[in-house]
Number of protein chains: 2
Amino acid sequence: MVHHISDEAAANEPSVTTQAPAYDPSQAPLVYKVGYPPQKNLASEFTETLRETFFHDNPLRQYKDQSLCRKFMIGLEFLFPVFEWGRDYNFSKFKGDLIAGLTIASLCIPQDIGYSKLANLDPQYGLYSSFIPPLIYAAMGSSRDIAIGPVAVVSLLIGSLLQNEVDHVKNKEEYMRLAFTATFFAGITQAALGFLRLGFLIEFLSHAAIVGFMGGAAITIALQQLKYVLGISQFTRKTDIISVMESVWGSVHHGWNWQTIVIGISFLAFLLFAKYIGKKNKKLFWVPAIAPIISVILATFFVYITRADKQGVQIVRKIEKGINPSSVHKIYFTGPFLAKGFKIGLVCGIVGLTEAVAIGRTFAAMKDYQLDGNKEMVALGTMNIVGSMTSCYVATGSFSRSAVNFMAGCKTPVSNVVMSIVVLLTLLVITPLFKYTPNAILGSIIISAVIGLVDYEAAILIWKVDKLDFIACMGAFFGVVFASVEIGLLIAVSISFAKILLQVTRPRTALLGNLPGTTIYRNTSQYPEARLIPGVVIVRVDSAIYFSNSNYVRERILRWLTDGEDKTKAEGLPKINFLIVEMSPVIDIDTSGIHALEDLYKNLQKRDIQLILSNPGSIVIEKLHASKLTEHIGSSNIFLAVSDAVRFCTTKSMQEP
Amino acid sequence: MVHHISDEAAANEPSVTTQAPAYDPSQAPLVYKVGYPPQKNLASEFTETLRETFFHDNPLRQYKDQSLCRKFMIGLEFLFPVFEWGRDYNFSKFKGDLIAGLTIASLCIPQDIGYSKLANLDPQYGLYSSFIPPLIYAAMGSSRDIAIGPVAVVSLLIGSLLQNEVDHVKNKEEYMRLAFTATFFAGITQAALGFLRLGFLIEFLSHAAIVGFMGGAAITIALQQLKYVLGISQFTRKTDIISVMESVWGSVHHGWNWQTIVIGISFLAFLLFAKYIGKKNKKLFWVPAIAPIISVILATFFVYITRADKQGVQIVRKIEKGINPSSVHKIYFTGPFLAKGFKIGLVCGIVGLTEAVAIGRTFAAMKDYQLDGNKEMVALGTMNIVGSMTSCYVATGSFSRSAVNFMAGCKTPVSNVVMSIVVLLTLLVITPLFKYTPNAILGSIIISAVIGLVDYEAAILIWKVDKLDFIACMGAFFGVVFASVEIGLLIAVSISFAKILLQVTRPRTALLGNLPGTTIYRNTSQYPEARLIPGVVIVRVDSAIYFSNSNYVRERILRWLTDGEDKTKAEGLPKINFLIVEMSPVIDIDTSGIHALEDLYKNLQKRDIQLILSNPGSIVIEKLHASKLTEHIGSSNIFLAVSDAVRFCTTKSMQEP
């Protein structure tokens, strides 16, 4: 681009600079009065606000002028997108889905077994959760790329939250029941958020906070796996790095098992190498995808023939055969565990939601289709509610598997169906074969899976872009690593909120100066060459003026003025007679803001300095008018461009002796 | 003002309209490249943020290059402004203060006795609280007009909060002790907020919410007085209008006392008439000011001679003589009451603070002197801490008395000293005379005093200016009137926060069109005459893009685009090839915002639509650059004015077949 004119360059007649002796309106081009938006009555205003808040995506637009039966069909398609994409489903699409489905199945089976350990549950529950939920999602979900199932972070979270309430060894039954209760309420939470169109609430978890939280969780999870990879029998229940390291070094002399270590380390190396290949050559994405199942098979076979389990190599030992038993009767609908289950469910539900929605959005953007966040939530919620009644624990969209699914060329959620069928077969036929699978291999698989969650590049970018975001990110990260998952999450949320509050309390203000030879006015700290106009102070307020910042804005403007006056005194310049407030960025103002302006006006009157407003937006001018403030200030002192205002001031000060 | 050019009118060459055949840079006036603000290192950036957050009023500026002893003096004057204004204190000033002091004294004595009843305390405690605290404030406070003492709302608040914990009849001693404890912690809270320069936290109580809360409290207080004015013996402990009305009508046949009613009503009429006179003629401000004490004297005398108390007219009966006894030993520093006292103190402290600071600011603006909010808080806090040790309960700045103080022509806080001396004399000498003062008169005085707090004009203004503010206002009002003071306060705070969150989640966006014959681009809904440019969609985002709204902004922009495409399809216009995002009002952007823009960009690429940014602010462009997004979009697609961008688009689409 060639030339740069700022927004203050309004009424830019190159010939005229701000020192123009007289204020000559004739030089103005075509005149448009500042337009007041058409008066809305209260009802329409109210409904509009509501719509923008809850229905900004205008979900009903497609129902407009349609026949009743058509409306019903659309409604059905809305609830069950399967009817939408199902209609033009064909073999070529199925091929893609089949391949993708098989790939993610081979990836998910070993992961599920490992993740269920993170949640302190028996291995089969992980597989259960990869059987029913994907089927539900395939019918209700609108994302084509997401792969459903248990995920590391949520498993760790629910595991540690449940462990705080019930011990999973002493009273296993209660622990199980509480797990299902939590899953149930996680589903309820998700569905409710979606149904009430409160999806935007999850926006309050900032991207930075999530990056930090995920990274921290990944580290924690990896550390947990040392238990299996090193074959340590006595391991801490805590998840913070200190106590984990203590119990690792504490058992260094006795309790480490070299056979286990050999298996663990060697296969971990193999998995990481596979990952590396996949990264190097995108065509070989399937290598890291099937590496886990291969290593499981190899390791299991190896242990079986060498009977290494006799040498103390811990193995899965026992894994239920058969499909999900019902667990409706196990959910607590009464008693003290109801509240606990609800609390845990709420947290896990929201975290799961955040992950799933983030993934969904990413891939939707890649393939360019819209994703209705609220609809997604209803789908995920229903899926977990049904899951909780069929012995599943909280399932959601998995980063690693969704990526594989995408790369394997999935076309529709059918890939999830394929996966769940494979899982079904596994449950029916081959689970017993996992008896000799060493835990070490599962540990290595999880480590290689979660490493991807430590997104240091994102962290670096955050550092570059926004330091405050970086603090939030690190806060969440260290919170999880050094304290616990809950603490980390708490820190993430509270920093996110603190950031919002800080934003609205302390907006930016800038002292404007004139760029020599133009009618452009710019921030003097940004443009050192910008000259101040003698006798005039020009301040720009870079934010809406609300109750939360009105007093700050007022005081800050006055401080700019005082600084200016000190300067003029020091340099013996003419007294300051005008304060121009450039309001272009002031999007909105509320009653407190108007009071602040009023105080400012009174305050200036005392010092006989003229307050001048420049370019207030339509909503602002409307409110100023409603509050009669325009009359006080005098509409002749409200300009639509700084240059006009300055010309007005200079002219006036020349007229006065 | 004569001519109106919008901020989009950058590069405004009247001759050239957007349909200009070719993009001719030569027409550009003097060129300034968009300036990157000088790179700050992290430390300075951090300190700057800190300073703006906590020291935006730059309190240390006056210490710059001063001698050490001078510095000490300034520090002393900072803590005790008395040294500042005391130096040039003279007789003429004293005259003003004397008159003002006597006036507010005559007003405060009857009020204090009444207010202490609101707090369920014996009458003398109200007087105590008007003796010590004003002296402290006179030395430390920086407002010249504020009148210190117990106030209606805080008295009601502390009364009802304490009553929730301890019954003031059954265990009076405990109640007293808890009251002093609460007062102590109210002081601590206030001082701490000021000392830690967290004064801005009270900004989060929006003006609207306060108006509603005050109004509601006033109504509640007035209703409470019916007990005295109607001479009802059996009266509810609740404060909500329903139960109050029940106990009023319940006792209509028996329990109303006609003599009391006569006294109450007649003097209430007298007081309101006096108020009316004061309003009519500002010179007669003293009439409503001394009316209360006069009516007290008359009523007391009347009861004394007629011995109306024998006819069941309730009288003050007993009021301690002598000055404040120490109450240090009565404060709970341990035990279960510590926490309760702290909680109550926190709430009362903050409410008191809000009231005092609001008053202080109002009068400071009128007389044009700056008020350091944090300094005020330290003063008020110290005053209450000392007060809690000298049998005072929470004192703060009173609306009614401060106004009188101001109108009576006070010059310095000396008026407070005068008042407290008068109160001292009252305590020492004439308290016994109050024995026969009927409660009815106190009731009437309070009613006439609090009526002023129902600021219906403010409410109307709020309604006019901002409907959401109005909801907050009404919520607080009805919360107090129908539920309780605490509930009302809770509603006020939560609505205030909800408003902030809504603001940051759902910013405005606008579809821009060209004003025929100019290069001005304006909101089409505001300017119906604005024409859309064929093949181009121009959207303005009216807010900073943060994590809390980034996704909404992205989706909203896409929706504008889709609407545009539907329209073009319907009208058979040329396909849309360009999306221009006008970013002038986008003050800032964070990582989530950048991701949203990136997604938007990818999304548009898929539809092969060119994303073009117009006039991003310096901070924004800096961050876009840091995140390499500028490279993706191509810096040749970033313009500093919509008109340039449009000309670029039109030219391009002409070149392409």
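In this text, all values refer to a predicted model and were calculated from it rather than measured experimentally.

This part takes up the overall build of chain A. Of the regular secondary structure elements, chain A holds 25 helices and 8 strands. Considering only C-alpha atoms, chain A reaches an extent of 105 × 70 × 55 Å along its principal axes. Taken over 657 residues, chain A has a buried fraction of 60%. Expressed as a percentage of contacts within chain A between residues at least 6 apart in sequence, the contacts between residues at least 24 apart total 82%. Put simply, chain A shows about 25,800 Å² of open surface, and 68% of that area lies on carbon and sulfur atoms. The averaged location of the 51 negative side-chain charges in chain A is 8 Å from the averaged location of its 59 positive side-chain charges.

Our focus in this paragraph is the packing of helix α11 (residues 258-280) of chain B against helix α12 (residues 286-306) of chain B. All names here are of chain B. Where α11 meets α12, the axes come as close as 9 Å, and the angle between the chain directions of the two elements is 160 degrees. Relative to α12, the element α11 lies roughly antiparallel. The two elements α11 and α12 cross, and the hand of that crossing is right-handed. Along the contact surface, α11 presents Ile263, Phe267, Phe270, Leu271, Ala274, Lys275, Ile277 and Gly278, while α12 presents Val287, Pro288, Ala291, Pro292, Ser295, Leu298, Ala299, Phe302 and Val303. Residue composition of the contact of α11 with α12, grouped by class: 14 nonpolar, 2 polar and 1 charged.

Attention now moves to the environment of leucine 425 of chain A. Mapped onto the elements of the fold, leucine 425 of chain A is located in helix α16 (residues 414-430). Sequence separation between leucine 425 of chain A and alanine 356 of chain A is 69 residues; the distance between their C-alpha atoms is 26 Å.

Let's shift gears to the domain arrangement of chain A. Domain annotation for chain A reports domain 1 (96-497) and domain 2 (507-654). On a C-alpha basis, the centroid separation for the pair domain 1 of chain A and domain 2 of chain A is 55 Å.

A few words on the sheet that holds strand β8 (residues 638-639) of chain A. All names here are of chain A. With mixed pairing, the 6 strands of this open sheet are ordered in space as β4-β3-β5-β6-β7-β8. Either end of the sheet is taken by a strand with one partner, and the two such strands are β4 (521-523) and β8. Relative to strand β5 (residues 536-541), strand β3 (residues 509-514) runs antiparallel, the two being bridged by 3 bridges. Counterpart to leucine 511 in the pairing with β5 is valine 539. Across the sheet, helix α21 (residues 550-571) touches β3, β5 and β6 (578-582), and the angle it forms with β5 is around 150 degrees. The strands touched by helix α25 (residues 642-655) are β4, β5, β6, β7 (610-614) and β8; relative to β6, the strand with the most contacts, the crossing angle is about 175 degrees.

All names here are of chain A. With 4 of 5 residues buried, β7 is to be regarded as a mostly interior element. One ladder, built from 5 bridges, connects β6 with β7; its direction is parallel. Across the sheet, the residue bridging to phenylalanine 578 is glutamine 610, located in β7. Handedness of the crossover joining β6 and β7 through helix α22 (residues 591-606) is recorded here as right-handed. The sheet contact formed by β7 and β8 spans 2 bridges and is parallel. Considered in β8, the bridge of leucine 613 is made with isoleucine 638.

The next thing to look at is the pairing of strand β5 (residues 536-541) of chain B. All names here are of chain B. Most of β5 sits inside the fold, with 6 of its 6 residues counted as buried. Neither face of β5 is left uncovered, since the one carrying Val536, Ile538 and Arg540 and the one carrying Val537, Val539 and Val541 both have all their residues buried. Bridge analysis of β5 against strand β6 (residues 578-582) gives 5 bridges, and the strand direction is parallel. Across the sheet, valine 537 pairs through a bridge with leucine 579, a residue of β6. The parallel pair β5 and β6 is bridged by helix α21 (residues 550-571), and the resulting crossover is right-handed.

With that settled, consider the state of the cysteines. Tallied over the full model, the rule gives 0 disulfides over all chains. Not part of a disulfide, cysteine 410 of chain B finds its nearest cysteine sulfur in cysteine 108 of chain B, a span of 14 Å.

What follows is about the pattern of salt bridges. Residue and element names in this part refer to chain A. By the definition in use, this model includes 30 salt bridges over all chains. As a salt-bridge pair, aspartate 122 and lysine 172 come within 2.8 Å of each other at their nearest N and O atoms. Here aspartate 122 is found in the loop between α4 (91-118) and α5 (123-128), whereas its partner lysine 172 is found in helix α8 (residues 172-195), with 50 residues between them in sequence. Lysine 172 gets classed as partly exposed once you look at its relative accessible area, which sits at 39%.

Looking at chain A as a whole, the pLDDT averages 83, with 92% of positions reaching at least 70. For residues 1-31 of chain A, every residue scores under 50 in pLDDT, and the model assigns this stretch 105 contacts once sequence neighbours within four places are set aside.

What counts, and at which threshold
- Residues numbered from 1 in each chain as written.
- Chains lettered and ligands numbered in written order.
- Predicted model: local features only at pLDDT ≥ 70, side-chain atom pairs only at ≥ 80, totals over all residues.
- Heavy atoms only, no water.
- Helix = DSSP H or I, 4+ residues; strand = E, 2+ residues; numbered from the N terminus.
- Buried < 20%, exposed > 50% of the residue type's maximum accessible area, 1.4 Å probe, protein only.
- Contact = heavy atoms within 4.5 Å.
- Areas by Shrake-Rupley, 256 points an atom, 1.4 Å probe, with all protein chains shown as cover.
- Lys, Arg positive; Asp, Glu negative; His and termini not counted.
- Charge placed at Lys NZ, Arg CZ, Asp CG, Glu CD.
- Axes fitted to C-alpha atoms, helices over the stretch in contact; angles between N-to-C directions.
- Parallel < 35°, antiparallel > 145°, perpendicular 65-115°, else oblique.
- Left-handed = near helix turned anticlockwise from the far one by under 90°.
- Nonpolar A, V, L, I, M, F, W, Y, C, P; charged D, E, K, R; others polar.
- Domains from an automatic or database assignment.
- Pairing = 2+ DSSP bridges.
- Right-handed = clockwise from strand over helix to strand, strands pointing away.
- Disulfide = S-S within 2.5 Å.
- Salt bridge = Lys/Arg side-chain N within 4 Å of Asp/Glu carboxyl O.
- pLDDT = per-residue confidence, 0-100.

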